[in-house]
Amino acid sequence: MMASSDILPHGPLSGVKVLDLSRILAGPTCTQMLGDLGATVLKIENPRSGGDDTRQWGPPYVVDAEGNQSDLSAYFMSANRNKRSVEVDITTSEGQATIRRLAAHADILLENFKPGGLRKYGLDYDSLRKDFPHLVYGSISGYGQTGPNAHKPGYDLMAQGYGGIMSLTGEPDGRPMKVGVGIADVMCGMYACVGILAALRHKEQTGEGQQVDIALVDAQIAWLINEGVATLNTGSAPKRRGNEHPSIVPYGLYETADGHVILAVGNDSQFGRFLQFLGLEGLARDPRFATNPARLEHRDALADIIVPAIRQHTTDAVIAAMEERKVPAGPVQTLDQVFASDQVAARKMAIEMQSEAGPVQLLGNPLKLSRTPVTYRHAPPTCGSSTDVLEQEGDPFDAL
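This is a predicted model, so every value here is computed, not measured. (Residues numbered from 1 in each chain as written. Predicted model: local features only at pLDDT ≥ 70, side-chain atom pairs only at ≥ 80, totals over all residues. Heavy atoms only, no water.)

Report on the overall build of the chain, specifying residues and quantitative values.
Helix and strand counts for the chain come out as 15 helices and 13 strands. Once the C-alpha set of the chain is aligned to its principal axes, its extents read approximately 80 × 50 × 45 Å. Buried positions account for 46% of the 400 residues belonging to the chain. Excluding contacts between residues fewer than 6 apart, the proportion of contacts in the chain whose partners are at least 24 apart in sequence is 71%. Within the chain, the 47 negative side-chain charges are centred at a point lying 5 Å from the centre of the 36 positive side-chain charges. (Helix = DSSP H or I, 4+ residues; strand = E, 2+ residues; numbered from the N terminus. Buried < 20%, exposed > 50% of the residue type's maximum accessible area, 1.4 Å probe, protein only. Contact = heavy atoms within 4.5 Å. Lys, Arg positive; Asp, Glu negative; His and termini not counted. Charge placed at Lys NZ, Arg CZ, Asp CG, Glu CD.)

So, in structure tokens, the structure goes:
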């Protein structure tokens, strides 16, 4: 653990200037991460629509001291910390000139318009790179800048459907099921962040910018991981297994006397210790269950034995017994339980910031850097609250 005196007061991206033309979730997730790491982020919002669409995706909203509802919805705040908001109408010549002025000073521009959508305003990559060859230009779209579906719009739910994750999620005999949050958007934002930082590294070495093309569907396909690779190598689509694992048994969610418990019995020695708790040691010598490949082949037969046995114990008793035996196990917590936990407090995964409308509670950043930690400098902004910086002479980023 480093002493507090060894921690620098600014993030590793301090001095990097980001022009954020994105909205909804994927793009803002990316730029919030850049902001948390120290970059100066200027969020461009449309004055004709009330700004980012997610400002209207509530309730809940932050209510100010007078009881007035602000435009800070929980959804908007989840991805727009460490940014300043300015209103610019890019459909006008004045607005286009403003964006070009900002691009001249920016290191990074991120947008998530449909491919070709910015061309009519002269703000697409090909138009801007002629005058600003240094610019790292990130483009997020549903299907990418190329391919037969490039013209189609993309939202998280459609990406989860087209990219296959919904076919893997849900009970075996149930309907395909999306993940409970916009994970395709979030992971796309993470991939965008990685690509942009790589391009920024190239820019710092050569002075040359480039376009970073990220698609929601591409990103979702990339994190199919083992199931995707298995399908490529077998030609067969996997079946939905609910909370069970395709390659490990027992591994999943199990009923207890008072709720549920998660068990992840990852190897044969853990399986033996697990059986000791249930008083079923003999199963470890049963050829149907002695090895993980055998247990995979006979998973239903094993379930018929262990499921009713686990159901005789409380959740706390199972977890305590598994921890004593060094077998991975854990609870299924509701979100209020998550944020009340000492683990969240210790890791600072829930934070409070003071917004223009009042105090707000936000999720913490999971990155823990010992020398240049993330910083929480600016609460999510109300729409257009920093528009006056555009009146400054010189570089507006320096006025933030």
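What follows picks up the thread again.
Describe the environment of Ala 346, and please don't skip the residues or the numbers.
When you line up the elements, Ala 346 lands in helix H15 (residues 342–347). Between the alpha carbons of Ala 346 and Gly 207 there is a distance of 41 Å; along the sequence they are 139 residues apart.

Requested: an account of the side chain of Asp 286, with residues and values cited.
Tracing the backbone shows Asp 286 in the loop between helix H10 (268–278) and helix H11 (292–297). Within the structure, Asp 286 has its side chain in polar contact with the backbone nitrogen of Arg 288 (distance 2.9 Å). (Polar contact = N/O pair within 3.5 Å; in protein donor to acceptor, adjacent residues only side chain to side chain.)

Can you explain the sheet that holds strand S5 (residues 84–87)? Please cite residues and give values.
Each strand in a sheet pairs with its neighbour through backbone hydrogen bonds, running either in the same direction (parallel) or in the opposite one (antiparallel). Strand order in the open sheet formed by six strands is S5-S2-S1-S6-S7-S8, with parallel pairing between adjacent strands. At either margin of the open sheet sits one strand with a lone partner, and together these are S5 and strand S8 (210–215). When the angles between neighbouring strand axes are averaged without regard to direction, this sheet yields 20 degrees. Here strand S6 (residues 108–111) runs beside strand S7 (residues 136–141); their pairing, made up of four bridges, is parallel. Bridging from a neighbouring strand, Leu 109 pairs with Tyr 137 of S7. Against the sheet, helix H1 (residues 26–36) makes contact with strand S1 (17–21), strand S2 (40–45), S6 and S7, and its axis sits at roughly 155 degrees relative to S6, the strand it touches most. (Pairing = 2+ DSSP bridges. Axes fitted to C-alpha atoms, helices over the stretch in contact; angles between N-to-C directions.)

Residue-level account of the sheet that holds strand S10 (residues 260–264), with values.
Across the sheet, three strands lie side by side as S9-S10-S11; this open sheet has antiparallel pairing. Two strands close off the open sheet at either side, each with one partner strand: strand S9 (251–255) and strand S11 (329–330). As defined by bridge partners, S10 adjoins S11 across two bridges and the pair is classed as antiparallel. Among the inter-strand pairings, Ile 262 is bridged to a residue of S11, identified as Gly 330. Packing against the sheet, helix H13 (residues 315–324) makes contact with S10 and S11, and its axis sits at approximately 20 degrees to S10.

Requested: an account of the environment of Cys 383, with residues and values cited.
Topologically, Cys 383 is positioned in the segment after strand S13 (358–363). When the C-alpha atoms of Cys 383 and Glu 45 are compared, they prove to be 7.1 Å apart, with 338 residues separating the residues in sequence. Aside from chain neighbours lying at most four places away, what touches Cys 383 is Glu 45, Gly 50, Gly 51, Arg 55, Asp 71, Ser 85 and Glu 87.

Summarise the layout of surface pockets; cite the residues concerned and give the values.
Estimates place the volume of the largest pocket at around 1,100 Å³. Of all the elements in the fold, those that place two or more residues in the lining of the largest pocket are H1, helix H2 (74–77), helix H7 (183–206), helix H14 (335–339), strand S12 (350–355) and S13. A per-class count over the lining of the largest pocket returns 24 nonpolar, eight polar and five charged. (1 Å grid on protein atoms, 1.4 Å probe; cavity = no way out; pocket = protein on both sides within 12 Å on 5 of 7 lines; lining within 4 Å. Points joined across faces, edges and corners; volume = space filled by probe spheres on them. Nonpolar A, V, L, I, M, F, W, Y, C, P; charged D, E, K, R; others polar.)

Now, about a nonpolar patch on the surface: what can you tell me, with residues and values included?
The grouping of Leu 253, Ile 262 and Val 332 at the surface amounts to a nonpolar patch, some 230 Å² of accessible area in total. Structurally, the position occupied by Ile 262 is in strand S10. With relative accessibility at 37%, the residue Ile 262 sits in the partly exposed group. (Patch = residues over 30% accessible without salt bridge, like charges linked within 9 Å, V, L, I, M, F, W, Y side chains within 5 Å. Areas by Shrake-Rupley, 256 points an atom, 1.4 Å probe, with all protein chains shown as cover. Salt bridge = Lys/Arg side-chain N within 4 Å of Asp/Glu carboxyl O.)

I'd like a rundown of the packing of aromatic side chains, residues and numbers included.
In the structure shown here, the tally under the stated rule is four aromatic pairs. Considering the side-chain rings of Trp 57 and Tyr 75, the 5.0 Å spacing of their centres and the 85 degrees angle between planes classify their relative orientation as edge-to-face. One end of the pair, Trp 57, is in the loop between S2 and strand S3 (61–63); the other, Tyr 75, is in helix H2, with 18 residues separating them in the sequence. The ring of Phe 113 has Arg 23 lying over it, and the distance from NZ or CZ to the ring centre is 4.3 Å. (Phe/Tyr/Trp six-rings, centres within 6.5 Å; stacked < 30°, edge-to-face > 60°. Lys NZ or Arg CZ within 6 Å of the ring centre and 35° of its normal.)

Tell me about the pattern of salt bridges, and please be specific about residues and values.
Applying the stated criterion across every chain yields a total of 15 salt bridges. Residue Asp 395 is joined to Lys 17 by a salt bridge in which the shortest nitrogen-to-oxygen separation is 2.4 Å. In this pair, Asp 395 sits in the segment after S13 while Lys 17 sits in strand S1, placing the two residues 378 residues apart along the sequence. Overall, the relative accessible area of 17% leaves Lys 17 in the buried class. With a shortest N-O distance of 2.9 Å, Asp 268 and Arg 295 are connected by a salt bridge. One end of the pair, Asp 268, is in helix H10; the other, Arg 295, is in helix H11, and 27 residues separate them in sequence. Asp 268 sits in the partly exposed class, given a relative accessible area of 36%. Since its relative accessible area comes to 0%, Arg 295 is described here as buried. Several salt bridges share partner residues, and in doing so they unite Lys 17, Asp 395 and Asp 398 into one network.

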